[in-house]
Amino acid sequence: MASEFQPQTLYIGGHEDEQGTKTLVETYPVTKDSDPPSLPDELPEGGLAAWATAFGSFLVMFCGYGYATSFGVYEDFYSQYYLTKKTSSDISWIGSLNMFLLTSVGLISGPLYDRGYFYHLVVVGSLLQSFSLFMLSLSKPNQYYQIFLSQGIGSGFAVGLLFVPSAAIISHHFRRKRTVVLTFVAAGSSLGATIHPIMLNYLLNGPLGFANGVRASAGLISGLLLIACLCMRTRLDSPTTPVNYFAVAKKCIRDLPFIFMIVGGFIFQIGFYYPMFFYQLDSLKHGLGVTFSFYSLVILNVSNSVGRIMSGFIAAFTGVPNLTVASSFSCGVLNFGLIGLNSLASTIVLGVLYGYFAGLYIGTWIPLVADLTPDLSELGARMGICFAMSGLGSLIGTPISGALLTSHYTWWIPALFSGVVSLVGSAMYATMQFMLSRERSKRHGAQPKASEG
């Protein structure tokens, strides 16, 4: 007897532009009730469900990545008031583990998303994020393990469950407008990284105190994630044959440019998050005033937002690999500049410049992986592998910087360390770009010979 459900395959072809940037190749199963697509406009490219999903993804980024990158506020508060018996390195492990899990849990959430568990992931992730933050509010002073479990592990795992599905669901509704919509979604993390530090500084250091302040923050996050879960909707069925991650991993080992990208990302991210975690504390310890120090991290994150938004426009002219090399090199140089941070002007200038180039770097993450993926049906798997391996750098980087800082707050040592490792990572990216250019030159050189033959 014929099945009620006859899967059809919807194919969107791929090509390379002048810079070698690939257009995604996608395969979508379409239900029997769908109209058979004959034109490239088969996705809605708009409508209530599509834009509601985009808004839901925006809120997830606001509550997830935006909250995680605001850890500099907690670093300052824990160091001065709440975890005074712990070193800066110990405290940094909380934020670094949170950031590592945000990307590496994609190795779990990615395959589950491919198998059709989108709603399960976003509901469980939202509930776990809400539960973790409310448990954080119950943590007692100098009880390091309580904060580590709730904020480092619980919240990190929760955001990791949400991160990949909330970005991937956009491809169910948009193709031609996908770049614009993803820029809008990414703006959620930028807005969160701007608003959360302001809110947390006034909540934690105000009359509410730590417990009630974190509860207020958790209440806001819970409400927004509830709205996000109600807004986001799937449209397409999951693929019948999910990508085999082990097979993709074997291919990656033989792909030298991809290996250099992973190594470069790992080394670079050891130094990359140092300013984001320590900038507010650095400003405060240099006597720049409590009020201004609260806004120093906001200045950095606002500039970061501008960099993320502009990255797509700049990459259209320079190419994604070139922009990655330039932005990572600039971040490494500016890390050295933190050695001279001692005045209001230097804090503003360094915050604006580092935030901007860090935003450019973050904006090239996903496009760079796509550039180095020959078979774009493996893009999700390669993203998971790349983010998990490179994310190890963010896991160990800030704790090392905190250990180098010591209890005497010797700021030039971690700044020097972060600058050196960032430049080494940038050199790995430059090697990757050199290998890509050589491969493309060989490819273009072989085409005329083939035509002559």
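Scroll up a little and you will see the structure.
Residues numbered from 1 in each chain as written. Predicted model: local features only at pLDDT ≥ 70, side-chain atom pairs only at ≥ 80, totals over all residues. Heavy atoms only, no water.

Participant: What should I look at first to understand the overall build of the protein chain in this one?
Facilitator: The secondary structure content of the protein chain amounts to 18 helices and two strands. By the burial criterion, 53% of the 453 residues in the protein chain qualify as buried. If you take every contact in the protein chain between residues at least 6 apart in sequence, the share linking residues at least 24 apart comes to 82%. A total of about 19,100 Å² of accessible surface is found on the protein chain, and carbon and sulfur atoms cover 69% of it. (Helix = DSSP H or I, 4+ residues; strand = E, 2+ residues; numbered from the N terminus. Buried < 20%, exposed > 50% of the residue type's maximum accessible area, 1.4 Å probe, protein only. Contact = heavy atoms within 4.5 Å. Areas by Shrake-Rupley, 256 points an atom, 1.4 Å probe, with all protein chains shown as cover.)

Participant: Any chance you could explain the nonpolar core here in plain terms?
Facilitator: Most often, soluble globular proteins have nonpolar side chains that are buried together. In terms of nonpolar packing, the biggest core is built from 101 residues, with Tyr-74, Tyr-78, Phe-210, Met-261 and Phe-272 touching the most fellow members. Per-element accounting of this core gives the leading share, eight residues, to helix 1 (residues 48-63). Aside from chain neighbours lying at most four places away, what touches Phe-272 is Cys-331, Tyr-354, Ala-358, Tyr-361, Ile-362 and Ser-422. (Core = buried A, V, L, I, M, F, W, Y, C linked by side-chain atoms within 4.5 Å.)

Participant: I keep staring at empty space enclosed by the protein and nothing clicks. Help me out?
Facilitator: Vacant regions in the atomic arrangement are exposed by a probe of water-molecule size rolled over the atoms. Applying the stated criterion across every chain, the model contains two cavities of 30 Å³ or more. By volume, the largest cavity amounts to about 160 Å³. As for the largest cavity, its lining consists of 18 residues, of which Gln-269, Tyr-361, Trp-365, Phe-387 and Ser-390 are closest to the centre. Elements represented by at least two residues in the lining of the largest cavity include exactly helix 4 (88-104), helix 11 (256-272), helix 16 (365-371) and helix 17 (379-405). Per-element tally for the lining of the largest cavity: the top contributor is helix 17, with five residues. The residue makeup of the lining of the largest cavity, split by class, is 10 nonpolar, eight polar and no charged. In this structure, the second largest cavity spans a volume of roughly 50 Å³. Of all the secondary-structure elements, those providing two or more residues to the lining of the second largest cavity are helix 2 (65-68), helix 4 and helix 7 (144-168). Residue composition of the lining of the second largest cavity, by class: three nonpolar, four polar and no charged. (1 Å grid on protein atoms, 1.4 Å probe; cavity = no way out; pocket = protein on both sides within 12 Å on 5 of 7 lines; lining within 4 Å. Points joined across faces, edges and corners; volume = space filled by probe spheres on them. Nonpolar A, V, L, I, M, F, W, Y, C, P; charged D, E, K, R; others polar.)

Participant: Teacher, can you tell me more about helix 15 (residues 344-363) here?
Facilitator: Along an α-helix, residues three or four positions apart point the same way, because every turn accommodates 3.6 residues. Under the 1.5 Å per step criterion, the end-to-end length of helix 15 is 28 Å for 20 residues, consistent within 8% with the ideal 28 Å. Where helix 15 is concerned, the buried positions are Ser-346, Thr-347, Leu-350, Gly-351, Tyr-354, Gly-355, Ala-358, Gly-359, Leu-360, Tyr-361 and Ile-362. (Expected span 1.5 Å × (residues − 1).)

Participant: Please clarify how unusual backbone geometry should be interpreted in this entry.
Facilitator: Glycine aside, residues mostly have negative phi angles, and peptide bonds mostly take the trans form. A positive phi is found at Asn-142, a non-glycine position, where the angle reads about 65°. Inspection of the secondary structure assignment puts Asn-142 in the loop between helix 6 (118-137) and helix 7. Notably, Tyr-409 is not glycine yet its phi reads approximately 55°, a positive angle. Counting through the fold element by element, Tyr-409 comes out in the loop between helix 17 and helix 18 (412-452). On the basis of relative accessibility, which here comes to 23%, the residue Tyr-409 falls in the partly exposed class.

Participant: Looking at this structure, how should I read the packing of helix 11 against helix 15?
Facilitator: When two helices pack together, their arrangement is captured by the angle between the axes and the distance separating the axes. Here helix 11 crosses helix 15 at 150°, and the two axes come no closer than 13 Å. Compared by their axis directions, helix 11 and helix 15 come out roughly antiparallel. Of the two possible hands of crossing, helix 11 and helix 15 adopt the one that is left-handed. The segment helix 11 lies against helix 15, with Gly-265, Phe-268, Gln-269, Gly-271 and Phe-272 engaging Tyr-354, Ala-358, Tyr-361 and Ile-362. Split into classes, the residues belonging to the contact of helix 11 with helix 15 amount to six nonpolar, three polar and no charged. (Axes fitted to C-alpha atoms, helices over the stretch in contact; angles between N-to-C directions. Parallel < 35°, antiparallel > 145°, perpendicular 65-115°, else oblique. Left-handed = near helix turned anticlockwise from the far one by under 90°.)

In short, the description is geometric, and any link to function would need to be established separately.
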